Amino acid sequence: MSDRMKLAILLGVLAMLVAFGSAPAAFAQAAPATAPSHAPHWGYSGADGPSHWGDLDPSFANCKTGKRQSPIDIKGAKKDATLAPLQIDYQPSPLKIVDNGHTIKIDYAAGSSVTVGGKTYPLTQFHFHKPSEEEIAGKKYAMVIHLVHELPDGAVVVALLVKSGGENPLIQTLWANLPKTEGKENEVAGVTINAADLLPADRNYYNFDGSLTIPPCGEGVNWFVMKTPIEMSAAQIAVFAKHYPMNARPIQPTNGREIKESDFKTP
Ligand SMILES: [Zn+2]
């Protein structure tokens, strides 16, 4: 083989290495710029904070112009003897947990639901806010958990207020499996959770219309805020605070919305 031929082969191999080696890098660089419907960035302070959400994107208009926004300060509730306990049917789900840049979220497997007004809304996910977004007569709790149940034409959110107290076994399982990287969902092999383990024994609630508390702030959300708070230990609350020291939207005007309060005896 001549030197010239060896050089030609060497150059060919180099060209292949460059081509294959550089292809993924080029794709990785191009991907974010060309990704369709890239959601605008939003946060809880500064130029991307809640008072600016409505201006960040046309699809966020509800955050500014909506008249039935959440969260609200829950006061002046009317006791309604016709309000029955929520028909909650929660089944175990394999643990899928993600730090999505706004909160820690647990995606829930199909097969769990709440039934309201004859319609069954599947539980899709639950997540955390610190401090609680909701206020009860001006008082915030340490945190709140939002259990989100969705149909294409509406949603039911069950809110669990959290006070500092005893260690919560389910939260312990969640925090032991927190993802190391933001944005990457951790599917935990062999770990199953049941959201029913979070619910308080007394299921009396406040009920009112509202919205999602994050952009795009869509309305048509039927809120059920459990009157009895649940407990997490101070250490467990501190773990969340390390990720999200403050991820609560400020209180929104009630605009004359009726707030109902259930008053049934717990069996
Ligand atoms: Zn929420």
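See the structure printed just above.
Values in this document were obtained by computation on a predicted structure and should not be read as measured data.

Q: Explain the overall build of the chain to me, please; I cannot follow it from the model alone.
A: Helices and strands together make up the secondary structure of the chain, namely 5 helices and 16 strands. Counting the 267 residues in the chain, one finds 28% classified as buried. Here the contacts in the chain between residues at least 6 apart in sequence split such that 67% fall between residues at least 24 apart.

Q: It is not clear to me how the sheet that holds strand β1 (residues 73-74) should be interpreted in this structure. Could you clarify?
A: To summarise the sheet geometry, strands pair through backbone hydrogen bonds and adopt either a parallel or an antiparallel arrangement. Strands sit in the order β1-β8-β9 across an open sheet of 3 strands; the sheet is mixed. Looking at strand neighbours, the two that pair on one side only are β1 and β9 (139-140), the edges of this open sheet. Note: strand β8 (residues 135-136) against β9, 2 bridges, orientation antiparallel. Within the sheet, the bridge partner assigned to Glu-135 lies in β9 and is Lys-140.

Q: Mind showing me how you'd approach the nonpolar core here?
A: Taken as a class, soluble globular proteins show a tendency for nonpolar side chains to be buried jointly. Among the nonpolar cores identified, the biggest contains 52 residues, and Met-143, Val-158, Ala-159, Leu-160 and Val-162 are the most heavily contacted of them. No other element matches the 8 residues that strand β11 (residues 154-164) contributes to this core.

Q: Whenever I open this one, the pairing of strand β7 (residues 119-129) confuses me. Can you help?
A: For a regular strand, side chains alternate in direction, first toward one face of the sheet and then toward the other. Direction of pairing for strand β5 (residues 104-107) relative to β7: antiparallel, over a ladder of 3 bridges. Note that in β7 the partner of Ile-106 across the bridge is Phe-126. Direction of pairing for strand β6 (residues 113-116) relative to β7: antiparallel, over a ladder of 4 bridges. Residue pairing in the sheet places Ser-113 in a bridge with Pro-122 of β7. Between β6 and β7, which pair antiparallel and follow one another directly, the connecting turn spans 2 residues, one of which, Gly-117, has a positive phi of 60°. As paired strands, β7 and strand β10 (residues 143-151) are joined by 6 bridges and run antiparallel to one another. Opposite His-127, over in β10, you have His-146 as the bridge partner.

Q: Sorry, what's going on with unusual backbone geometry here?
A: For residues besides glycine, phi is generally negative; the peptide bonds are generally trans as well. The omega torsion across Lys-130 and Pro-131 is -10°, close enough to zero to call that bond cis. Structurally, the position occupied by Pro-131 is in the loop between β7 and β8. Of note, the bond from Pro-215 into Pro-216 is cis; its omega dihedral lies within 30 degrees of zero at 10°. With respect to the element layout, Pro-216 can be found in the loop between β13 (205-211) and β14 (219-226). A positive phi is found at Cys-217, a non-glycine position, where the angle reads about 60°. The residue Cys-217 is located in the loop between β13 and β14 in this model. Phi is positive for Asn-255, close to 50°, though the residue is something other than glycine. Position of Asn-255 relative to the elements: it lies in the loop between α5 (234-243) and β16 (260-261). Classification of Asn-255 as exposed rests on a count of 10 C-beta atoms within 10 Å.

Q: Help me understand the environment of Gly-111 in this model?
A: With respect to the helices, strands and loops of the structure, Gly-111 is situated in the loop between β5 and β6. By the C-beta count within 10 Å, which is 12 here, Gly-111 ends up exposed.

Q: Please explain the environment of Val-144 as it appears in this structure.
A: Considering the arrangement of structural elements, one finds Val-144 in strand β10. Given 25 C-beta atoms within 10 Å, Val-144 falls into the buried group. For the pair formed by Val-144 and Ser-132, sequence separation is 12 residues and the distance between their alpha carbons is 4.5 Å.

Conventions used here
Residues numbered from 1 in each chain as written. Predicted model: local features only at pLDDT ≥ 70, side-chain atom pairs only at ≥ 80, totals over all residues. Helix = DSSP H or I, 4+ residues; strand = E, 2+ residues; numbered from the N terminus. Buried ≥ 20, exposed ≤ 12 C-beta atoms within 10 Å, placed from the backbone. Contact = placed C-beta atoms within 7 Å. Pairing = 2+ DSSP bridges. Core = buried A, V, L, I, M, F, W, Y, C linked by C-beta atoms within 7 Å.

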